[in-house]
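A closer look at the structure
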Amino acid sequence: MRTIARFVRSSLLVAPLLSWSSATDDATCIDAGGGGCPSDDSSLLSLPIRRQQQLAATELVGVAADPAPTVQCPGSASLCAGSQCCPGTSVTQQRTFPCPNAKADYDLGAGNQTDLVAALLSAMTREEKHQFLRGTGWVGWENEPSYYIGDAGLHERFGIPSLNMQDNGQGFRTVTEGIISEVTSWPSTLAAASSWSEAGTERWAIALGKEFKIKGANVILGPGLNVHRVALGGRNGEYVSGESPYFGARMAKPYVKGVQSQNVLAVAKHFVLNNQETNRDTVNSVADPRTLWEVYYPPFEAAVEAGAASFMCSYNYVNGQHACGSSDILLKDLKQHMGFEGWVQSDWWALHSFAAMDGVDQEMPGDTTLNAKVWFTDANLDTLRDAKVDNMVGRMLRPMLEYGLFEPGNHVCIPPDCSDELYEANATSPEHQEISKEMAIKAMLLLKNEDNVLPFTDQVKKIALLGAACDAKQDVESQLLIWDKGSYYNIGGSGRVIAWDPVTIYAGLQAACEQKGCELQTYFGTNASEALTRAEGADVAILCGGTTSTEGHDRVSLSVDDEDFMVELARSIKAIPVITLTMTPGAIVMPWINDTDAALNVFIAGKYTGTAFASALFGDSNPSAKSLVTFPVSESDTVLPCATGFPDICNYTEGLYVGYLALEGKPVTFPFGHGLSYTQFEYAFVGSSDSKPACKDAKVCISAKVKNSGKVKGVEVAQLYLTYPDSAGEPANQLGGFVRTEELEPDSEIGIDFPLTERDLSYYDAEARAWKLVTGTFTVSVGSSSRDMRFQTTFTI
């Protein structure tokens, strides 16, 4: 062993291999075997961000010798390992390049990676390339044992790992009973996002990446980014954006970065206009270019900017073409205009043509069913020119190298030899269980709290807990048999992470009462008269309700399952405060709300649902979540799913007016961005400045102060809403900024900044296919929700 500068390693050289030295930030090739070195003219390209961070964090260290060479160099018979270089080939113009399994911090530049990818593509056979372009591991509708939900690139040479893909963006899919106890039951994506915390999203994504990696998967089929157009949408609980493209863009970046920091590739989905499950295979979603770019594309653009490795195209038609076959959206918009450099994979059985020339790079899952055929057959792929195939496979190899999947320590099992990882490995941990619990607590929405009924005081000794949803059991057996069955703790379909023995509301309150000395009077039925009798003598009454959703079906209504019970009971209880607790996959109508004193809602929250409710009810935590959806007065106030498919048109006639923007000026039960606290916050406008560090690259920056003027510590999510000049033709009061504050003690305050970039102040000009800055006077409103503004100001561009 010898001690040398950063990233330099002693090598067990096998002629004609080479070794890189980097005593400075410039890489130098030491010719150890006559293979030649790059010329001075072949200087490395600028370092990727990830490499720069690694370089900056590394000190001079002693490094052990490389392991014995075992990986074949592409383009030669030589073997390599670790820091050793492979001989140059004709496709690299004789420039040497790192061994394919070199550690990511050893591959110092994009130029090296470019040469390595070129060498790999030149050495791989067409059959080997085809294995990446078409999935495997399914027979009909059945996933073969010891295969992941998606598998590609199995048994390749040159140290190339397979792509092991697993659902879903909100946790490792529990396809067998055994897996349930081995992975963490997280809150749904919508619940997780309700904290409005980018740091929290990245922390969660890192934990997800760790669990997927332990279970042998190196691709996570998420995040789900679609904006909620249809309140009844069956998969809204999986989609981080809520009703705001701006919010979705802010959350997409930390999610992608967090997952991929763990050597697990992210797949942004479902691209695009996958806004309903009704007729999802045939619905023809028609939207104009401005609507696409301003409403439905921004979260996906953010994923591109964050370096997402892959995109999944959706089942539906977009403007008359299958999304997985539309060159307009996949080639022109995604790959050309957005600059996406990763690969596009089809959703499972979503191809309806051989769409390689239309922007699809990979067909999944790669098998035939009664309703679907395989299009990426060898015969069809053989019609493509080598350059096209290399472009498609190169889009996979590059992020695999960039995010360390080639490194020996990050290699995954190769199906079907994955039984230990997939079915036996324990990926959860006490730390992850605590994170899940904390996320559920932070997802708790305090919607109403008349006369500060909550949190409970010491005078509350007897609590009537009423309704079947208060002690809803988890039917694991039926969920494993019925793939699209959900529960109050997890949604159904491919996004399902079944919670084993979740904490019910009853269990959560029972545990709390054992500590606090209160008593529960329970009734877990749906007969209002019986419940009323059971509530006699109680100090407060809690009414529980819930509903769930699933992939493949939109919800039949916005009602909770026992709505009539809750309405009748809330109207009947007069002598004591009435509190409602609801568990939902998205927006609901609340016809009982005027007869209640307080209301808490949580979007499907996983294992610790009951713990989170108890924490909020007793004041062990102070609610800080904000709703990403509008709670409408009536279902008729929302956009309903289109009932027919192609060739009928599902016309997005509302254009830019989606979600809360369509309800501006209309009554709602609770608005977008709403969420109360047990304390109060005061806002003050400070001014406009672009000189602060937080305002870097901003066209305009709004500064404010938020003060905790209440009696208990708490967290506020301050929100900025932007109204454009009338000439822009934009909806009023669009979310344009938010800040989740640190926890503030009573009487303490904090300064916050809302940077507004040129893009934030622009509209999409469809004719010019470009963003154009709007000129005129803008109005900025800052406050606690979209309808709770604390101050306004204006500025002129």
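Scoring rules and cut-offs
- Residues numbered from 1 in each chain as written.
- Predicted model: local features only at pLDDT ≥ 70, side-chain atom pairs only at ≥ 80, totals over all residues.
- Heavy atoms only, no water.
- Buried < 20%, exposed > 50% of the residue type's maximum accessible area, 1.4 Å probe, protein only.
- Helix = DSSP H or I, 4+ residues; strand = E, 2+ residues; numbered from the N terminus.
- Pairing = 2+ DSSP bridges.
- Axes fitted to C-alpha atoms, helices over the stretch in contact; angles between N-to-C directions.
- Left-handed = near helix turned anticlockwise from the far one by under 90°.
- Contact = heavy atoms within 4.5 Å.
- Nonpolar A, V, L, I, M, F, W, Y, C, P; charged D, E, K, R; others polar.
- Salt bridge = Lys/Arg side-chain N within 4 Å of Asp/Glu carboxyl O.
- Disulfide = S-S within 2.5 Å.

With respect to the pairing of strand β23 (residues 540-546)
Judged by how many residues are buried, β23 sits mostly within the fold: seven of seven residues are covered. Alternating positions in β23 separate into two faces, Val540, Ile542, Cys544 and Gly546 on one and Ala541, Leu543 and Gly545 on the other, with burial throughout. Examined bridge by bridge, strand β21 (residues 462-466) and β23 share four bridges and lie parallel to one another. Within β23, the residue paired with Ala464 across the bridge is Ala541. Summarising the sheet, β23 and strand β24 (residues 578-584) pair through six bridges and their orientation is parallel. Following the sheet pairing, Ile542 is matched in β24 by Ile579.

Describing the sheet that holds strand β18 (residues 321-322)
Spatial ordering of the open sheet is given by β18-β17-β15-β27, a layout of four strands whose pairing is mixed. Looking at the sheet topology across the chains shown, the edges are occupied by β18 and β27 (650-651). Sheet topology note: the strand β15 (residues 284-286)/β27 ladder contains two bridges and is parallel. Among the inter-strand pairings, Val286 is bridged to a residue of β27, identified as Asn651.

Here we look at the sheet that holds strand β36 (residues 777-785)
Sheet architecture is open: four strands sit in the order β32-β31-β36-β37, paired in antiparallel fashion. Each having just a single partner strand, β32 (734-740) and β37 (788-796) make up the two edges of the open sheet. Adjacent strand axes in the sheet meet at a mean angle of 20 degrees, parallel and antiparallel pairs treated alike. Pairing analysis gives six bridges linking strand β31 (residues 717-723) to β32, with the strands arranged antiparallel.

As for the packing of helix α6 (residues 198-214) against helix α7 (residues 245-260)
One way to put it is that α6 packs onto α7 with a least axis distance of 7 Å and a crossing angle of 30 degrees. Between α6 and α7 the crossing geometry is right-handed. The residues of α7 that touch α6, namely those facing Glu198, Thr201, Glu202, Trp204, Ala205, Ile206, Leu208 and Gly209, are Arg250, Met251, Pro254, Tyr255, Lys257, Gly258 and Val259. Along the lines of polarity and charge, the residues of the contact of α6 with α7 split into eight nonpolar, three polar and four charged.

Some points on the pattern of salt bridges
As enumerated under the stated definition, the model contains 33 salt bridges in all. In this structure, the salt-bridge partner of Asp386 is Arg126, at a minimum N-O distance of 2.5 Å. One end of the pair, Asp386, is in helix α12 (residues 386-402); the other, Arg126, is in helix α3 (residues 126-133), with 260 residues separating them in the sequence. The residue Arg157 makes a salt bridge to Glu128 at a minimum N-O spacing of 2.7 Å. Residue Arg157 is found in the loop between β11 (150-152) and β12 (163-166), and its partner Glu128 is found in helix α3; the two are separated by 29 residues along the sequence. On the basis of relative accessible area, Glu128 is assigned to the buried category, the value being 10%. The structure contains a network of salt bridges with shared partners spanning Arg235, Glu238, Glu277, Arg280 and Glu551.

Comments concerning the state of the cysteines
Overall, the coordinates contain eight disulfides when judged by the stated rule. Two residues share a disulfide in this structure: Cys73 and Cys86, whose sulfurs sit 2.1 Å from each other. Looking along the S-S bond of the Cys73-Cys86 disulfide, the torsion reads about -80 degrees, which is the left-handed sense. Of this pair, Cys73 sits in the loop between β5 (71-72) and β6 (79-80) while Cys86 sits in strand β7 (residues 84-86); the two residues are 13 residues apart in sequence, bridging distant segments of the chain. Overall, the relative accessible area of 0% leaves Cys73 in the buried class. Here Cys313 connects covalently by a disulfide to Cys324, the sulfurs 2.0 Å from one another.

Just geometry here; none of it tells us what the structure is for.
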